[in-house]
Each structure stands twice: as structure tokens, then as C-alpha cells.
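Coordinate inspection notes
Okay, here's what each chain looks like letter by letter:
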Amino acid sequence: MSSISIGAQTNIAFKDSLESITKRVYEYKNNGDYEKALSDIEKGLQLAASSDNIESIVDFYNLSARLNIQYKKPINPGIYLKEAREVLSLYKYNDGRALTAILEAYLAAKDQDKTKAYTLINEALEAVDYNDKSLLNSVLFYEGLTHNELGEYNKAKSIFQKMIPPDHKYERQFLSAASQLVLANIYAKDSNYESAGILLDNVLRIAARQKFPRILLGTNLLKYQIANKKEDYYAALLYYKKADSIKEKYFGADILRKQNEAAHTNEAQFLNNVIARMSQDEIEQQQKVNISKLTSVLSSALLIIISLLTISLYRNNQIKFKTNDLLLKKNKELQIAKEDAEKAMRAKGQFLSTVSHELRTPLYAVTGLTHLLLEEDPKASQKEHLKSLKFSGEYLLDFINDILQINKIDANKLVAEKLIFDFNKTLEDVIYSLRQTAKENKNVIIINIDENIPKKLIGDPLKLSQILINLVGNALKFTENGKVIVNAKLLNSDKGRYKIHFEVNDEGIGISEEMQQNIFESFSQGSIQINRKYGGTGLGLTIVRSLLSLFNSDINVKSEIGMGSSFYFSLEFTTPDPSEIIEVGSEDLEEAILKDLYFLIVEDNKINQVITKKMLAKKGINCDVADNGYDAIKLAKENTYDLILMDIHMPGISGLKATEEIRKFDKNIPIIALTALTIDESTDDFFSYGCNDIITKPFKPDLFYKIIGTSILKTTNQV
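Presented here is an overview of the structure given in this document. (Residues numbered from 1 in each chain as written. Predicted model: local features only at pLDDT ≥ 70, side-chain atom pairs only at ≥ 80, totals over all residues. Heavy atoms only, no water.)

So, the overall build of the protein
When you go through the protein residue by residue, the secondary structure sums to 27 helices and twelve strands. Taking all contacts inside the protein whose residues are at least 6 apart in sequence as the whole, residues at least 24 apart take part in 68%. In the structure as shown, the protein presents an accessible area of about 39,600 Å², 53% of it carried by carbon and sulfur atoms. (Helix = DSSP H or I, 4+ residues; strand = E, 2+ residues; numbered from the N terminus. Contact = heavy atoms within 4.5 Å. Areas by Shrake-Rupley, 256 points an atom, 1.4 Å probe, with all protein chains shown as cover.)

Rendered as C-alpha cells:
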């Protein structure tokens, strides 16, 4: 019993020793001390070899390759990876195989061997343990570098964006800085200097704090290149001097000479060890041949060899059985984890669908009743409030949509629309909707629009409104008895493309330099005291940044405590062809098309029935109402309607099933789906069941009448 305890203690001490060596290697590697890192790798290999720790041997081979790749030494890192492969061919160690394969992929990419690089990437991703965050982030980092070497910058950018912030046992800060530096290089290649600059400022803070000289050198060189391209030669000179100072301190001629000598010495020693091992293997092989010759004469020797082979086969089978049992266990665990993940995704999808539908339905009542009240000639004082309520209701609907689909932004599934809109009116509507908020804190909102900006532009007015409402709303919340100024300035224009700079300035409490790094994170509000005093969820700036990413833009901030804040960003728009600008038809023309028509409204919600019926009555349309799909089918058979507005989610049979039944006896009547569309529904389903068009509740009244009028005109032209 005592001997087992002593052995266990020795093993623990041995592991602790390997752990401390590994930790030091990462520190020396990233802090610029190449020779110490190389020396400790040698110590680690000797210690691992002395106790046959195969996994640690592979890990130190991979570390040798990474060290020489990172320092761009004039030796071949592949020799260490080749030796790692030799060990892995005899021993199953998936973590080591994953890292070896991804490093080989990077070297193949540097040789522009795309086919080999992709084969090795797939091998690495198959072998990696996704629960081991340190290993996973190392593999992702070199996968991103591999795509970058192959010129596949979008793939590289996607990988680095997903892994930031990285998680690693030994070099989390280094991977964070290195990943952002590569991202900044990619942005700089696309001339997106604003995004590159934000990343480089962050990299400088990390690298300076953690003392990463190679990162500091690369960051200042890139800042120098960007400043040169911007023709800011004074800044370029400063960055060049900083880079030159870092290069002289950490990578001067004498230092590089010593490092290269150490690298060549290590390479020679490593190759000598490999040759010695191969010679020993050859000697052992020759000895086996000699023994084999003797066995032809000596039967006793033959029996011994057979016995040894039997024992070897038995041990191999035992190892194989243990490996198979382990694989079966891991497969079961992976299957359970996969099923749990699928259940969670289904639950999330169902939750989002339910929330989406339940929020849209009451919003239909809010926006619909507001429109009807505006149509009934309210007092001037009431009209102002109703207009604000109408705009806010419409904004709230789309705001809810983006909150519910924020995961689509991360998955690159949400896209920016390209619509013709009135630029001045869009900004004025934003300011109008926040007038009451401004009054509460005795603030004044000032809007300055560059007169050179065209009135009509092509872009996404809704997302622009959401961005500005969040920024202006924040400014008003943190400002009292002051001014909030919204500036829209034309930066440049070329062949119908207009780049506009937006800036929201306030005279509020300001933001500390430290907190400026966190305010764009979800649910971040600077401090508990600020949260208690001013309230809010802290999602506004997160949504702004997510929305701007759809336009390849980003949000920036300048602020000082007590001196107010300035949030700014730039967006690019195009101008429409004059023939594309179609003004909405006059109400007289609209009423002439719709007057005296006979519609069927299929809707189970009583409030929605009243709202829809009143809106149609405003245009002189007569209506019947069906509470469910069965009544709708019956009324459609008994009467001749000009159009059917069909709700989809109803008790009994759904609106889609009712549409399918109506199409069996009436192929021509226009049927428009009037529904609170859920997250998981596809518009293709509506058309496959026989719907002619879709109106999503809540809707804007002018769009509602336009879609109905278009459907009526199409039917009239067909007849």
C-alpha cells in the first residue's frame, strides 16, 4: 500500500514539473525570449522521455514548431511536426494530432498548397476536443492564419471574429491580441481603416500591458502603413519610429544572430537525435535478423520468440479493447450531448416563435387604433401625441424583431434592405418620436443635415432609425438641461454612391476611458450606480454595433467624464434612378380603385376584426367577417367576394388549410395572408397553399392599402 502511495506522489510531482515547464515556455515564447523558450522545451522533452510520457513529447514537438513559426526562424518547423507524426502513428493521442495537423496545414498554406491545407484542416477539426477550450482556440487561431495565407480573407475574418475573446490556459491574452492584429490587417486590405484602427488600439493596450514585443512591432508597423495610405505622414513617422525602437530593443542584429545560432544548434542536435534513434532502430532490426537466423538452428530460441510474439499480441489486443471501450463511451457521450443541444435549439426556436407572435398581436391593435384615431380628425394637441405613438409603435415592432433575431445577426442571416427612402424625413421622424423624452430632462434636440445630401437615397431606413433612436435615446437619458446634437455630413460622393458621417453629441455625464471598452457589451451600463439612477437594459449599444456590422461599419466613441460624449459612425448609400422614384398614388385614385368592393375578413381576434373592418370602411369597402376557417370556406361558397384577407393562426383549421379548400372551387379570387408571422415560418408555404400575397401584422396603413390595391388591379387586368 505504501509503495502505491509513493508512486502516486512521484507521478503528481512529475506532472507538476511538466506543467511548470510548459507554462514558462508560453511566457518566454510570447514575451520575446526565444532562447529561454527553446531551452525549456529541451528540458521538457528530456523529462517527458525519461518517464515515457508520450503525450507530453508530442506537445513539446508541436511547441517547437510553433516557436519557430512565430519567430520566423530560418529552419524548417516541419522536422518537429514530422517527428510528432512518427510518435502519433504508434500512439493514439487526438489532442496532439489536432494541433500537429493544423500546424502542417498552415505550413502547406504558406507553400500555397491549398488541397493539402484543406485536407489537414479537416483532420484537425475531426480530432479536436471541442470541450477543451485551450486546444480549440489554438486550432481555430492557426486555421484562421491558414485561410489568411491562402488569401481567403472572409473565411479568416469569420473565424477570428468567432473566437474573440479566446479562452486559453496559458496564452489567452496573446491569442486575443494576435487574432485582432490579423483582423486589423484584413480590414486594412479592404481599406476599412476605421475598423482596423479600433482593433489596433485594443491590441496596443493588451500588448503593452502583457509585454508582447512581436505584437507591438506588428501593430506599430500596420499603423504606420495605414497612416501612409491616409497621407498622414506625421503620424506615420511616429509609428515608424516606435516600430524601429521596438525592433532595435527586441529584434536587433545581435539578438537575431544569437537566436538564429540557437535555432540552428537546436535543429542540428534534434536531427542528430533522430539519426541516432534511426541507427539504434537499424541495429535492433539487424539483431532481430540475426536472431531469426539462429532460430532456424535452435528450436529453443524459436519457442522463446513465439512466446514473446504471443505476449506482444496479447498486450496489443488489450490496448485495442481498452481503446474501443473508450471510443464507445465517448461516442455515447457525444450522442447524448448532440441530442441535448438539438432539444435546446428546438426549445429556443419554439420560444422565439411564441414570443414573436404574442408580441405582434397586441401591437397590431396599438398601431391600428392609432391610425384610425389619426383618421378621425383629432385635436392638434392630440394629433402630435398620436403621431409619436404611431411612429413608436412601428419602431417597437421592428425593434422586437431584431431582438428576437439577434442570433441571425451573429449567423450572418439578417441582411440590410435596399429601399428608396426620404433621408430628411427619416431623421426628422426619429427626432420627433423622442421629443417627449427630451422634455422630461429639459433637453433640446438639434439636427444638422448637410444640404449636399440627396433627399432620396437607397438604403435601409428602418435600421438607420433603430441605430439613431438608440444613440439619441441614450444621449437624452444621460443629459439634463442640455443639448443633444445630431449631425449628418456628406464625406464624399462618387458615381451615385454617397458616404455619410453621422455623429450624436451630448452634454451628459460622460464615460471613463476604462468603461469605453465595455459599453458595447450586452447588459453593460458602466456601473451599478448608473444602472440604478438611469435604468435601462444595457442592450442599446450592443444592438447598434450589431446593426452597423450589417453595413460593414462600426460605432466609435469619444468621451470624458463630465464633458459629454460623442458617438459616431459612417454609412454608404446610393441614389435611385429618377424613373424608380414612384410617389404613392393620391387618396382619390386609391378610393376609386377600392370603393364599393366586397371583402371577406377571416380573423378570430375581435379587436383585430374591428380594426381591419374600420380601415377598409374608410376606403368605402364592404366586409363580411368569419371567426374561423370553417366559416370562411362556407361564406366563400355562398358569396362572390372581390378579395379575402386570411388570418393564419386560428382555432380549428389554420388559414393555410382554409385557403387550400377555397382554391378547390375558386381559383381566381385574390387571397392575402394577414398574419403575425412567426420566426420559424417560411413565406414559400403561404404561396404553395394558394395565397397571392402576404401582409404582416402589424402593418403600415399605406402599405396595407397598396398591397390590396395591387392585388385588385392584377385580378382586373387578368379578367
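Picking up after the structure, the text goes on.
Points about the pattern of salt bridges
The final tally for this structure, using the stated rule, is 21 salt bridges. One salt bridge connects Lys169 with Glu19, and the closest N-O pair in it is separated by 2.7 Å. Note that Lys169 is positioned in the loop between helix H8 (153–163) and helix H9 (172–189) and Glu19 in helix H1 (residues 2–30), a separation of 150 residues in sequence. In this structure, Glu123 engages Arg97 in a salt bridge whose closest nitrogen and oxygen atoms are separated by 3.2 Å. Of this pair, Glu123 sits in helix H6 (residues 114–127) while Arg97 sits in helix H5 (residues 94–110), and the two are 26 residues apart along the sequence. Classification of Glu123 by relative accessible area gives buried; the value is 18%. What makes Arg97 partly exposed here is its relative accessible area of 26%. One salt-bridge network, in which partners are shared between bridges, spans Arg85, Arg97, Glu104 and Glu123. (Salt bridge = Lys/Arg side-chain N within 4 Å of Asp/Glu carboxyl O. Buried < 20%, exposed > 50% of the residue type's maximum accessible area, 1.4 Å probe, protein only.)

Overview of the packing of aromatic side chains
Per the counting criterion, the structure on display carries 15 aromatic pairs. When the centroid spacing of 5.3 Å and the interplanar angle of 85° are considered together, the rings of Phe141 and Tyr142 count as edge-to-face. Overall, the relative accessible area of 4% leaves Tyr142 in the buried class. Summarising the aromatic geometry, the rings of Tyr598 and Tyr641 are spaced 4.7 Å apart at their centres and angled 50° between planes, so their arrangement reads as tilted. Linking Tyr598 in strand S8 (residues 598–602) with Tyr641 in the loop between helix H24 (629–638) and strand S10 (643–646), this pair joins segments that are 43 residues apart in sequence. Given a relative accessible area of 27%, Tyr598 falls into the partly exposed group. The exposure class assigned to Tyr641 is buried, which follows from its relative accessible area of 7%. Of the aromatic side chains, those joined through ring pairs into one cluster are Phe421, Phe423, Phe502, Phe569 and Phe573. The ring of Phe174 carries the charged tip of Lys29 above its face, separated from the ring centre by 4.8 Å. Taking the ring centre of Tyr705 as reference, the NZ or CZ of Lys619 above it sits at 4.7 Å. (Phe/Tyr/Trp six-rings, centres within 6.5 Å; stacked < 30°, edge-to-face > 60°. Lys NZ or Arg CZ within 6 Å of the ring centre and 35° of its normal.)

Looking at a nonpolar patch on the surface
Together, Ile304, Leu308 and Ile311 make up an exposed nonpolar region whose accessible area comes to about 310 Å². Within the secondary structure, Leu308 is located in helix H14 (residues 299–375). (Patch = residues over 30% accessible without salt bridge, like charges linked within 9 Å, V, L, I, M, F, W, Y side chains within 5 Å.)

Details of the environment of Leu635
Tracing the backbone through its elements, the reader meets Leu635 in helix H24. A sequence separation of 35 residues divides Leu635 from Leu600, and the C-alpha atoms of the two residues are 8.2 Å apart. Discounting chain neighbours no more than four positions away, the residues touching Leu635 are Leu600, Val625, Ala626 and Tyr641.

Some thoughts on the packing of H5 against helix H7 (residues 133–149)
Where H5 contacts H7, the axes come no closer than 8 Å and their chain directions differ by 15°. Relative to H7, the element H5 lies roughly parallel. The element H5 and its partner H7 pack so that their crossing is left-handed. Contact residues: Asp95, Ala98, Leu99, Ile102, Leu103, Ala105, Tyr106, Ala109 and Lys110 in H5; Leu135, Ser138, Val139, Tyr142, Glu143, Leu145, Thr146 and Glu149 in H7. (Axes fitted to C-alpha atoms, helices over the stretch in contact; angles between N-to-C directions. Parallel < 35°, antiparallel > 145°, perpendicular 65-115°, else oblique. Left-handed = near helix turned anticlockwise from the far one by under 90°.)

Topic: helix H17 (residues 423–433)
Three or more residues of H17 are buried, namely Phe423, Asn424, Thr426, Leu427, Val430, Ile431 and Ser433. Two or three places before Asn424, at the start of H17, stands the capping residue Asp422, its side-chain oxygen 3.2 Å from that residue's backbone nitrogen. (Polar contact = N/O pair within 3.5 Å; in protein donor to acceptor, adjacent residues only side chain to side chain.)

Observations regarding the packing of H17 against helix H19 (residues 461–477)
Between H17 and H19, whose axes approach to 10 Å, the crossing angle comes to 40°. Between H17 and H19 lies a crossing of right-handed hand. Counting all contacts with H17, which are made through Phe423, Thr426, Leu427, Val430 and Ser433, the residues of H19 involved are Pro461, Leu464, Ser465, Leu468 and Ile469. Its residues placed into classes, the contact of H17 with H19 shows seven nonpolar, three polar and no charged. (Nonpolar A, V, L, I, M, F, W, Y, C, P; charged D, E, K, R; others polar.)

Focus: the sheet that holds S8
Within a sheet, each strand pairs with its neighbour through backbone hydrogen bonds, oriented either parallel or antiparallel. If you walk across this open sheet you meet the five strands as S9-S8-S10-S11-S12, and the pairing is parallel. Every interior strand has two partners, whereas the edge strands, strand S9 (622–626) and strand S12 (693–696), have only one. Strand-to-strand, the axes of this sheet are offset by a mean angle of 20°, without reference to chain direction. Of the pairings in the sheet, the one linking S8 to S9 comprises five bridges and is parallel in character. By the bridge assignment, Tyr598 is partnered in S9 with Asn622. In this fold H24 packs onto S8, S9 and S10, with an angle of close to 140° to the strand it touches most, S9. Along the sheet face, helix H25 (residues 655–662) touches S10 and strand S11 (671–675) and points at about 155° away from the line of S10. (Pairing = 2+ DSSP bridges.)

Interpretation note: all reported values are geometric properties and have no functional meaning in isolation.
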